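Take a look at the letters that make up each chain.
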Amino acid sequence: MIASFILLGLGIILLCLFLIDKCHKYSVRATFIKTLVSVCFIGVAVCSWFYSSKENMNIFGIFVIMGLLFGLLGDILLDYKYVFKEEDTIFTKLGFLVFGIGHILYITGMILCFYKLNDDLIFMYVDKLKPIYLWIPFLCAGIFLLAVILLEKPMKNNYGKMKPIVLAYSYILALMLSIAASLAIMYKFNNWTLNFMTIGGVLFVISDLILSGTYFSEGKERPVDIITNTVTYYAAQFFIAFSLLMLIV
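Residues numbered from 1 in each chain as written. Predicted model: local features only at pLDDT ≥ 70, side-chain atom pairs only at ≥ 80, totals over all residues. Heavy atoms only, no water.

Participant: It is not clear to me how the packing of aromatic side chains should be interpreted in this structure. Could you clarify?
Facilitator: Two aromatic rings are characterised by how far apart their centres lie and by the angle between their planes. Under the criterion given, the structure shown has 17 aromatic pairs. A centroid spacing of 5.2 Å and a plane angle of 40° characterise the contact between Phe 5 and Phe 242, whose relative ring orientation is tilted. Separated by 237 residues along the polypeptide, Phe 5 in helix 1 (residues 2–24) and Phe 242 in helix 8 (residues 223–242) bring together distant segments of the chain. Judged by its relative accessible area of 47%, Phe 5 falls in the partly exposed class. Between Phe 60 and Phe 114, the aromatic rings sit 5.1 Å apart at their centres with planes inclined by 80°, giving edge-to-face as the arrangement. Residue Phe 60 is located in helix 3 (residues 58–83), and its partner Phe 114 is located in helix 4 (residues 88–115); the two are separated by 54 residues in the primary sequence. An aromatic cluster is built from Phe 41, Phe 99, Phe 204, Tyr 233, Tyr 234 and Phe 238, whose rings are joined through pairwise contacts. (Phe/Tyr/Trp six-rings, centres within 6.5 Å; stacked < 30°, edge-to-face > 60°. Helix = DSSP H or I, 4+ residues; strand = E, 2+ residues; numbered from the N terminus. Buried < 20%, exposed > 50% of the residue type's maximum accessible area, 1.4 Å probe, protein only.)

Participant: Just checking my understanding: could you explain helix 6 (residues 163–186) for this structure?
Facilitator: For an α-helix, the turn length of 3.6 residues means that residues three or four places apart are oriented alike. When the terminal C-alpha atoms of helix 6 are compared, their 34 Å separation across 24 residues agrees well with the 34 Å that a helix rising 1.5 Å per residue should span. Most of helix 6 sits inside the fold, with 17 of its 24 residues counted as buried. (Expected span 1.5 Å × (residues − 1).)

Participant: Sorry, what's going on with the nonpolar core here?
Facilitator: Soluble, globular proteins show a tendency: their nonpolar side chains are buried together. Phe 60, Leu 68 and Met 110 are the most contacted members of the largest nonpolar core, which totals 71 residues. Going through the elements one at a time, helix 1, helix 2 (28–52), helix 3, helix 4, helix 5 (132–150), helix 6, helix 7 (192–216) and helix 8 are the ones with two or more residues in this core. Top element by residues in this core is helix 6. It accounts for 14 residues. If near-sequence neighbours (up to four positions away) are discounted, Leu 68 is found in contact with Phe 41, Ile 42, Ala 45, Tyr 106, Gln 237, Ile 240 and Ala 241. (Core = buried A, V, L, I, M, F, W, Y, C linked by side-chain atoms within 4.5 Å. Contact = heavy atoms within 4.5 Å.)

Participant: Help me out: how do you make sense of the side chain of Ser 4 in this one?
Facilitator: Tracing the chain through its elements places Ser 4 in helix 1. Taking the relative accessible area as the measure of exposure, Ser 4 reaches 0% and is therefore buried. A distance of 3.1 Å separates polar atoms of two side chains, one belonging to Ser 4 and the other to Ser 48. In this structure, Ser 4 is in contact with Val 44, Cys 47, Ser 48 and Phe 242, ignoring residues within four places of it in sequence. (Polar contact = N/O pair within 3.5 Å; in protein donor to acceptor, adjacent residues only side chain to side chain.)

Participant: When you look at the packing of helix 7 against helix 8 in this model, what are you seeing that I'm missing?
Facilitator: Geometry of a packed helix pair, given as the angle between the helix axes and the separation of the axes. Interhelical geometry of helix 7 versus helix 8 gives an angle of 155° and a closest axis separation of 8 Å. Overall, the two elements helix 7 and helix 8 adopt an arrangement that is roughly antiparallel. Crossing handedness for the pair helix 7 and helix 8: left-handed. The segment helix 7 lies against helix 8, with Phe 196, Met 197, Ile 199, Gly 200, Leu 203, Phe 204, Ile 206, Ser 207, Ile 210, Leu 211 and Thr 214 engaging Asp 225, Thr 228, Asn 229, Thr 232, Tyr 233, Ala 235, Ala 236, Gln 237, Phe 239, Ile 240 and Phe 242. Classifying every residue of the contact of helix 7 with helix 8 by side-chain character gives 14 nonpolar, seven polar and one charged. (Axes fitted to C-alpha atoms, helices over the stretch in contact; angles between N-to-C directions. Parallel < 35°, antiparallel > 145°, perpendicular 65-115°, else oblique. Left-handed = near helix turned anticlockwise from the far one by under 90°. Nonpolar A, V, L, I, M, F, W, Y, C, P; charged D, E, K, R; others polar.)

Structural data, given as structure tokens:
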């Protein structure tokens, strides 16, 4: 458990170094430092998983760690759009695709381990209206997607050729948050793994809303935008990583 917090501290230090670099210019060096921060949240997840691993939860740890690995790859791809500007669209599309796969892995892990789990000690918290907790998130994600479509012009965004993948990613991201929150409610907030996944999902949405302005609007790439986007993103990933430590709670 100590190793998880050491890696968190190291990640915070590296994140500060990355922000100093990124606010001045985009470079391979900045991308390398950012990759090291991502390695830290993966390390936190692995250490937390080994410390708190339960036989019936091993599969959840696998899905989370795989999702975080896709997050690391997404970090690299999205930063390379600034380093190799002639391939901007390709790297952006690949980044969205990879992050989307990561969220699908989180969704799958949560459903398999917390919705379908047959454990009387856990289901002492669960209501009889169980199916509602799975179907409502799909509706909520659809409402979020509709909001993204309707608010494109009011928010002065222009998705252009990226619109299909932006909309697909938006739905998957909203679904990840909705399922985490719905399952947390189902367990009456007594499951801290799901609570942490929900917090991570909220921070992810905030980060990506800021990022949409940075990518698809003008005048929204100020240092404050870069810092808030990056800090909320990494906070999300560390909360998701530490959700594995919460398996013992």
